Amino acid sequence: MLSYRAALRRVAPLGPHAISAASMALCLFLTVLAVKTPWAPLPRPVIAAAGLAGTGAVWFRDRWPVAVAVAGAGAYVLSGNPGPLLISLFSGAGTRFPALAAIGMAGFLAQQWVDGGRLGTDALIAALTATGVTLAAGAYVSTRRELTRSLRERAERAETEQRLRNEQARLAERGRIAREMHDVLAHKITLISLHAGGLEVNAGAAPERVEREAALIRVSAQEALEELRKILGVLRAGRGDDDDGFPDLRRLVDSWVSAGGTVTLHGDIGTWPLETARAAHRLVQEGLTNAHKHAQGAPVTVTATGSREDGVVIAVANGRSPQPSTETGAGVGLVGLAERFRLIGGTVHGGPDDAGGWRLEGRLPWHAADASPRESHDQDTAG
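Remember, predicted model here, so these are calculated numbers, not experimental data.

Draft legend 1. Just the overall build of the chain, in detail. A count of helices and strands for the chain gives 11 helices and 5 strands. Within the chain, residue pairs in contact and separated by at least 24 positions form 69% of the contacts whose partners lie at least 6 positions apart. Of the roughly 21600 Å² that the chain leaves accessible, carbon and sulfur atoms contribute 59%.

Dropping the structure here:
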């Protein structure tokens, strides 16, 4: 013999229809017993008809619990079969408790009256006990079912949220990789292009100059590959720029001067905090790259000033281009630069200056790593 709990575990996974079919089979079996051994003082056809009506009503117990309980109570009075009434009380206890309690009491008392012709204290106690126990068991099972459903929905929601967080983390990491690639490699590729352009324009230059320019192209390409290898290694390890050396702004400017650019540096970042110096170095890289793209041949001035009291200001300004540029660019580098500054408490502003050129300026607190992020109120960097 299977226990009640074991039977429920086997039937419940089959679904509500399977449970309804099993309940109807039980009621039908009780109806046969009620007819074979008369459980009511009525003709057997009446007992059979009432039992079959109550059995058929059980199928709709979830949709109309009160109506099915009324039908079950009538079937119990006429046939003596308590199955439909007990099942309807048990199934609807979680939603229609007061109404079902009244119907259950009326059904049990009416059956006692038909069977014995009178009502007493014993009949009242029996009706109250049967109704209360059935409704209590049904309410408990219904509460457990709702709790299980709630926990399942919460678990599914947590899994969905976790998948969304993982997807957002992957998208953020891809964006970080794209920004790092642009910040570190864009100026190197631009330098290579600048050197190669110089060789193309001066095809008849002396062998010594050709050799020097070729060497510069080779060195720039090797540095670009080394930077790429370093970025990928850092990103795989999940670290920041901790393995990079201290940024050398003077060396960066000299590389552009050696490539034929007119770049002037005022100030230095050699005494700044490391995180602040790195952010300033990235801004200068972006500014020089954009100056070459959009104002080729124009003089460029790099200014770096900073103190513990007033914070840091780093600016890249180029004069009016002698030849208008047709290249528009995607603006991704400047957007990433603005986000980098915002995360360490700084702001970035880019726009035309009074002389008809362009000025890219960033402001940072002295200890950028200790500052809280804030919004940059002037994001005209995409121009």
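Draft legend 2. Main features of the sheet that holds strand 5 (residues 358–364). Strand order across the open sheet formed by 5 strands is 1-2-3-5-4, with mixed pairing between neighbours. In this open sheet, the two strands that pair with only one neighbour each are strand 1 (263–266) and strand 4 (347–352). Across this sheet, the average inter-strand angle for adjacent strands is 10°, counted without regard to direction. Note that strand 2 (residues 300–307) and strand 3 (residues 311–318) share 8 bridges and pair antiparallel. Residue Thr305 lies in a different strand from strand 3, and its bridge partner there is Val313. Here helix 9 (residues 249–258) sits on the sheet and contacts strand 1, strand 2 and strand 3; the angle it forms with strand 1, its principal contact strand, is near 165°. With respect to the sheet, helix 10 (residues 274–294) is in contact with strand 1, strand 2, strand 3 and strand 5, its orientation differing from that of strand 3 by roughly 10°.

Draft legend 3. Up close: the packing of helix 4 (residues 65–79) against helix 5 (residues 83–92). One way to put it is that helix 4 packs onto helix 5 with a least axis distance of 7 Å and a crossing angle of 160°. Classed by the angle they form, the pair helix 4 and helix 5 counts as roughly antiparallel. Here the hand of the crossing between helix 4 and helix 5 comes out left-handed. Here Pro65, Val68, Ala69, Gly72, Ala73 and Tyr76 of helix 4 come into contact with helix 5, specifically with Pro84, Leu85, Ser88 and Gly92.

Draft legend 4. Up close: the packing of helix 5 against helix 6 (residues 97–116). The contact between helix 5 and helix 6 brings their axes to 10 Å, and the two run at 165°. Here helix 6 runs roughly antiparallel to helix 5, going by the angle between their axes. Crossing of helix 5 over helix 6 shows left-handed handedness. Touching Leu85, Leu86, Ser88, Leu89 and Gly92 of helix 5 are Phe97, Leu100, Gly104, Gly107 and Phe108, all from helix 6. Within the contact of helix 5 with helix 6, the residues separate by chemical class into 6 nonpolar, 4 polar and no charged.

Draft legend 5. Quick peek at the environment of Leu288. The residue Leu288 is located in helix 10 in this model. By relative accessible area, Leu288 is classed as buried at 2%. Those residues in contact with Leu288, other than ones at most four positions away along the chain, are Leu252, Trp256, Val263, Val300, Val302 and Val316.

Draft legend 6. Local environment of the packing of aromatic side chains. Tallied over the entire structure, the rule returns 2 aromatic pairs. Taking the centre distance of 5.7 Å and the plane angle of 35° together, the rings of Phe60 and Trp64 count as tilted. Residue class for Phe60 comes out partly exposed when judged on its relative accessible area of 37%. Over the face of the ring belonging to Trp64 we find Arg63, whose NZ or CZ atom lies 5.3 Å from the ring centre.

Draft legend 7. Region of interest: the UniProt feature "transmembrane region" (unreviewed entry) in the chain. Here the UniProt-annotated "transmembrane region" (unreviewed entry) positions come out as residues 14–35, 66–90, 97–114 and 120–142. Counted over residues 66–90, helix gives 88% and strand 0%. Its end C-alpha atoms are 12 Å apart. Spanning residues 120–142, this segment combines 96% helix with 0% strand, and its end C-alpha atoms are found 33 Å apart.

Draft legend 8. Summary view of helix 2 (residues 16–36). Between its first and last C-alpha atoms helix 2 spans 30 Å; for 21 residues at 1.5 Å apiece the expected length is 30 Å, and the two agree. Residues of helix 2 that are buried include every one of Ser20, Ser23, Cys27, Leu30, Thr31 and Ala34, and no others. Buried residues in helix 2, looked at end-on, bunch into an arc of 110°, giving them a common side.

Draft legend 9. Up close: the pattern of salt bridges. All told, the structure shown has 3 salt bridges when counted by the stated rule. The salt bridge involving Arg149 is made with Glu146; its shortest N-O contact spans 2.6 Å. Pair noted here: Arg149 and Glu146 are both in helix 7 (residues 121–201), with a separation of 3 residues, about one helical turn. In this structure, the salt-bridge partner of Arg363 is Glu361, at a minimum N-O distance of 3.1 Å.

Draft legend 10. Layout of the pairing of strand 3. Most of strand 3 is tucked away, with 8 of its 8 residues classed as buried. The alternating pattern of strand 3 places Gly311, Val313, Ala315 and Ala317 and Val312, Ile314, Val316 and Asn318 on opposite faces, both of which are buried. In sequence, strand 2 turns back onto strand 3 through a hairpin of 3 residues. Here strand 3 runs beside strand 5; their pairing, made up of 7 bridges, is antiparallel. Considered in strand 5, the bridge of Val312 is made with Leu364.

Draft legend 11. Focus on the pairing of strand 2. As judged from the 4 bridges shared by strand 1 and strand 2, these two strands associate in the parallel manner. Bridge pairing links His266 to Thr303 in strand 2. In this fold, strand 1 hands off to helix 10, which returns the chain to strand 2; that crossover is left-handed.

Procedures and definitions
Residues numbered from 1 in each chain as written. Predicted model: local features only at pLDDT ≥ 70, side-chain atom pairs only at ≥ 80, totals over all residues. Heavy atoms only, no water. Helix = DSSP H or I, 4+ residues; strand = E, 2+ residues; numbered from the N terminus. Contact = heavy atoms within 4.5 Å. Areas by Shrake-Rupley, 256 points an atom, 1.4 Å probe, with all protein chains shown as cover. Pairing = 2+ DSSP bridges. Axes fitted to C-alpha atoms, helices over the stretch in contact; angles between N-to-C directions. Parallel < 35°, antiparallel > 145°, perpendicular 65-115°, else oblique. Left-handed = near helix turned anticlockwise from the far one by under 90°. Nonpolar A, V, L, I, M, F, W, Y, C, P; charged D, E, K, R; others polar. Buried < 20%, exposed > 50% of the residue type's maximum accessible area, 1.4 Å probe, protein only. Phe/Tyr/Trp six-rings, centres within 6.5 Å; stacked < 30°, edge-to-face > 60°. Lys NZ or Arg CZ within 6 Å of the ring centre and 35° of its normal. UniProt positions renumbered as here; feature names shortened; annotations may be inferred. Expected span 1.5 Å × (residues − 1). Arc of directions from axis to C-beta. Salt bridge = Lys/Arg side-chain N within 4 Å of Asp/Glu carboxyl O. Right-handed = clockwise from strand over helix to strand, strands pointing away.

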